[in-house]
Amino acid sequence: MAGTGLFSEILDGEVYKYYADGEWKTSSSGKSVAIINPSTRKTQYKVQACTQEEVNSVMELSKSAQKSWAKTPLWKRAELLHKAAAILKDNKVPIAESLVKEIAKPAKDSVTEVVRSGDLISYCAEEGVRILGEGKFLLSDSFPGNERTKYCLTSKIPLGVVLAIPPFNYPVNLAVSKIAPALIAGNSLVLKPPTQGAVSCLHMVHCFHLAGFPKGLISCITGKGSEIGDFLTMHPAVNCISFTGGDTGISISKKAGMIPLQMELGGKDACVVLEDADLDLVASNIIKGGFSYSGQRCTAVKVVLVMESVADELVEKVKAKVAKLTVGPPEDNSDITAVVSESSANFIEGLVMDAKEKGATFCQEYKREGNLIWPLLLDNVRPDMRIAWEEPFGPVLPVLRINSVEEGINHCNASNFGLQGCVFTKDINKAILISDAMETGTVQINSAPARGPDHFPFQGLKDSGIGSQGVTNSINLMTKVKTTVINLPTPSYSMGDGLIARL
Ligand SMILES: NC(=O)C1=CN([C@@H]2O[C@H](COP(=O)(O)OP(=O)(O)OC[C@H]3O[C@@H](n4cnc5c(N)ncnc54)[C@H](OP(=O)(O)O)[C@@H]3O)[C@@H](O)[C@H]2O)C=CC1
Ligand SMILES: O=C(O)[C@H](O)COP(=O)(O)O
């Protein structure tokens, strides 16, 4: 059970502690933040509301811990990460249980998130050892006007303190996708977990604690983003911010100083369906892509753009599959569970009502109980409806019928988002041309959008983000290139005549 056994030291009465200086602590604020169970809408857990002084102290400790960590051999850093990964996987049950209670993720998917996170940490350790163990050697005479008098050695050095801010929908996985690359690269790490998902994150941090990382290297500050977020992101000790979430990321980018930023923000991933597509394959991918975790994924299919000639048939196939989705508690592994908060459910309802007023075809009756919204397919959506452009982050999917591929591409590219997209066709040549034309970070051919496998690059264009994720890209982003140049008194050519005579 969460907060018991191995994890009992992270709990103080009924409030979870925060993590600093290698210890679990109670905040001097005397205040806590409630985590509401999305299914019951009652307080499930409480976490500390950390103070600015506590943030300052964590930053100081983080700066000094990083200095010694950077001198720790790469293989030792990797060894500790492998250990943390194993402890995390061994404790998947209590961690998954808190995911179920905090964010209403179906039980099976919650376990998958923890296991995937352990795998990501191990992969990152392996990749880090390889790519950080290599440098470059450059010779000066390849640039015009130079003799071979300079040898340039490059290697990658850490940035310092990395601030990680993950979102509610993958609190554990999107935290470790920032923590592991930061640590393998020799940085220290301050984590600010999402409020919904904080307890799962604290359990995950305890796995790193049990693995034996040095004191102060990893810290976890809890509190509402709206209250301590600015103080953290504008803190002068922070050398890099890795953030995943919504528009908050855009405002952080405007306020942060001259430091590397990795921002994975929203998306309005389109599914473009051509006349020759395998409609059964499309329908299954629309269900998986649009409705898994109740549509609360940045990579969810958020609009279907289907050629008019096959639209009736596709809509019927998707309707039949929607009817089979189970709706209910995450504990029962229901396909559709309560969305994360009441305000989120109200927002989704606003989009649905707008579409209703403007004449969209409802393929199912709209139904909501508390935060639980039944899956809904909206056909004949037009560009004047909000749902054609905005992301519901819920189990509601609009279908726009198109008369040409160009119309579909134009719709995609008119979006302020550019995360992923997908195209279904049997014609690979057309698929490649469409992929080239779509202004998104990734295009999937004949499959729904997805971030994984986690070593693939993952990035958004436009308001969907800056920088690129994926294990290798994250390690590179969290390092800086350092060069040392050896200057020779005379040109040196490896097979040059008279070399010995000149010495
Ligand atoms: N591209 C991607 O990979 C993903 C994108 N998203 C996008 O995020 C949105 C919903 O996710 P959600 O988690 O609610 O997004 P938010 O942007 O609201 O929150 C993300 C994180 O930022 C924190 N935060 C809030 N305010 C601040 C602040 N001022 N300074 C620093 N941190 C802050 C939150 O903490 P707290 O919880 O305490 O408020 C949370 O940890 C959707 O629109 C979705 O598209 C979501 C997941 C993945
Ligand atoms: O934040 C998100 O929603 C994810 O990055 C999407 O990940 P997934 O494609 O593996 O669900």
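No experiment lies behind these values; they were computed from the predicted model shown.

Engineer: So what exactly am I meant to see when it comes to the site of ligand 2 here?
Structural biologist: Lining the immediate environment of ligand 2, one finds R116, N169, Y170, L174, R297, C298, T299, A450, R451 and F458. Between ligand 2 and the protein, one listed contact pairs an oxygen atom with a backbone N or O atom of C298 at 2.6 Å. Across the complex, the protein chains shield 95% of the 320 Å² of accessible surface that ligand 2 would expose by itself. At a threshold of 2 Å from the grid points, most atoms of ligand 2 map onto the second largest pocket. Grouping the constituent residues of the shell around ligand 2 by class yields five nonpolar, two polar and three charged.

Engineer: What is the right way to read the sheet that holds strand β8 (residues 150-158) from this model?
Structural biologist: Consider a sheet: its strands pair through backbone hydrogen bonds, and that pairing is either parallel or antiparallel. With antiparallel pairing, the three strands of this open sheet are ordered in space as β7-β8-β26. Strand pairing shows two members of the sheet lacking a second neighbour, β7 (136-139) and β26 (479-487), which therefore form its edges. Averaged over all pairs of adjacent strands, the angle between their axes in this sheet comes to 25°, without regard to strand direction. With nine bridges joining them, β8 and β26 adopt antiparallel strand pairing. Bridging from a neighbouring strand, C152 pairs with V485 of β26.

Engineer: Can you help me understand the pairing of strand β5 (residues 32-36) in this one?
Structural biologist: Alternating positions in β5 separate cleanly, V33 and I35 being buried on one face and S32, A34 and I36 remaining unburied on the opposite face. Looking at chain direction, β5 and strand β6 (residues 43-48) are connected through five bridges and run antiparallel. Pairing of I35 across the sheet is with Y45, part of β6. Between β5 and β6, which pair antiparallel one after the other, the connecting turn spans six residues, and R41 there sits at a positive phi close to 60°.

Engineer: Is there a simple way to think about the site of ligand 1 in this case?
Structural biologist: Of all residues adjacent to ligand 1, which total 29 residues, the nearest are T195, G245, G246, L265 and E391. In the environment of ligand 1, an oxygen atom lies 2.9 Å from a nitrogen or oxygen atom belonging to the backbone of P166. Take E264: an N or O atom from its main chain is 3.3 Å from a nitrogen atom of ligand 1. Burial of ligand 1 by the protein amounts to 82% of the accessible area it has alone, namely 900 Å². With respect to the pocket detection grid, ligand 1 is positioned in the largest pocket. In terms of residue count, the dominant contributor to the shell around ligand 1 is helix α7 (residues 225-233) (five residues).

Engineer: Got a minute to help me understand empty space enclosed by the protein in this structure?
Structural biologist: Where empty space is left becomes clear once a probe the size of a water molecule has been rolled over the atoms. All chains considered together, the criterion is met by five cavities of 30 Å³ or more. Roughly 90 Å³ of volume is contained in the largest cavity. Those elements that place two or more of their residues in the lining of the largest cavity are α4 (107-132), α5 (173-184) and α14 (471-477). Among the residues making up the lining of the largest cavity, the classes are represented as six nonpolar, four polar and two charged.

Engineer: Whenever I open this one, the UniProt feature "active site" (unreviewed entry) in the protein confuses me. Can you help?
Structural biologist: As annotated by UniProt and renumbered to match this structure, "active site" (unreviewed entry) occupies E264. Within the secondary structure layout, E264 lies in strand β13 (residues 261-264).

Engineer: Would you explain the layout of surface pockets in this entry?
Structural biologist: Of the volumes computed, that of the largest pocket is approximately 1,300 Å³. Lining the largest pocket are 45 residues, and of these P167, F168, G245, G246 and T248 lie nearest its centre. Within the residue set of the lining of the largest pocket, elements represented by two or more residues are α7, β12 (240-244), α8 (248-255) and α11 (342-357). For the lining of the largest pocket, the per-class residue count stands at 18 nonpolar, 18 polar and nine charged. Here the second largest pocket is characterised by a volume of approximately 490 Å³. Forming the boundary of the second largest pocket are 25 residues, of which R116, Y170, S292, R297 and A450 lie nearest the centre. Broken down by secondary-structure element, the contributors of at least two residues to the lining of the second largest pocket are α4 and α9 (279-291). Looking at side-chain class alone, the lining of the second largest pocket contains nine nonpolar, eight polar and eight charged residues.

Engineer: Quick question: what am I supposed to make of the nonpolar core here?
Structural biologist: As a rule of thumb, soluble globular proteins bury nonpolar side chains together. Ranked by internal contacts, the top residues of the largest apolar core, which has 67 residues, are L81, L183, L191, M204, F208 and F213. If one sorts the elements of this core by residue count, helix α6 (residues 198-211) sits on top with nine residues. Once you skip the residues sitting within four places of it in the chain, L191 turns out to touch A164, P166, A175, I179, C201, M204, V205, S219, C220 and I221. Counting residues in each nonpolar core, the second largest holds 58 residues, with V301, L305, A345 and A448 among its members.

Engineer: Just to check I follow, could you spell out the sheet that holds β6 for this structure?
Structural biologist: In spatial order, the strands read β1-β2-β6-β5; together these four strands make up an open sheet with mixed pairing. Among the strands making up the open sheet, the edge pair consists of β1 (11-12) and β5. Strands β5 and β6 of the sheet are contacted by helix α3 (residues 92-103), whose axis makes an angle of about 105° with β6. Lying on the sheet, α6 is in contact with β2 (15-16), β5 and β6; it crosses β6 at an angle near 55°.

Rules and cut-offs
Residues numbered from 1 in each chain as written. Chains lettered and ligands numbered in written order. Predicted model: local features only at pLDDT ≥ 70, side-chain atom pairs only at ≥ 80, totals over all residues. Heavy atoms only, no water. Near = heavy atom within 4 Å. Polar contact = N/O pair within 3.5 Å; in protein donor to acceptor, adjacent residues only side chain to side chain. Areas by Shrake-Rupley, 256 points an atom, 1.4 Å probe, with all protein chains shown as cover. 1 Å grid on protein atoms, 1.4 Å probe; cavity = no way out; pocket = protein on both sides within 12 Å on 5 of 7 lines; lining within 4 Å. Sits in = over half its atoms within 2 Å of the grid points. Nonpolar A, V, L, I, M, F, W, Y, C, P; charged D, E, K, R; others polar. Pairing = 2+ DSSP bridges. Helix = DSSP H or I, 4+ residues; strand = E, 2+ residues; numbered from the N terminus. Axes fitted to C-alpha atoms, helices over the stretch in contact; angles between N-to-C directions. Buried < 20%, exposed > 50% of the residue type's maximum accessible area, 1.4 Å probe, protein only. Points joined across faces, edges and corners; volume = space filled by probe spheres on them. UniProt positions renumbered as here; feature names shortened; annotations may be inferred. Core = buried A, V, L, I, M, F, W, Y, C linked by side-chain atoms within 4.5 Å. Contact = heavy atoms within 4.5 Å.

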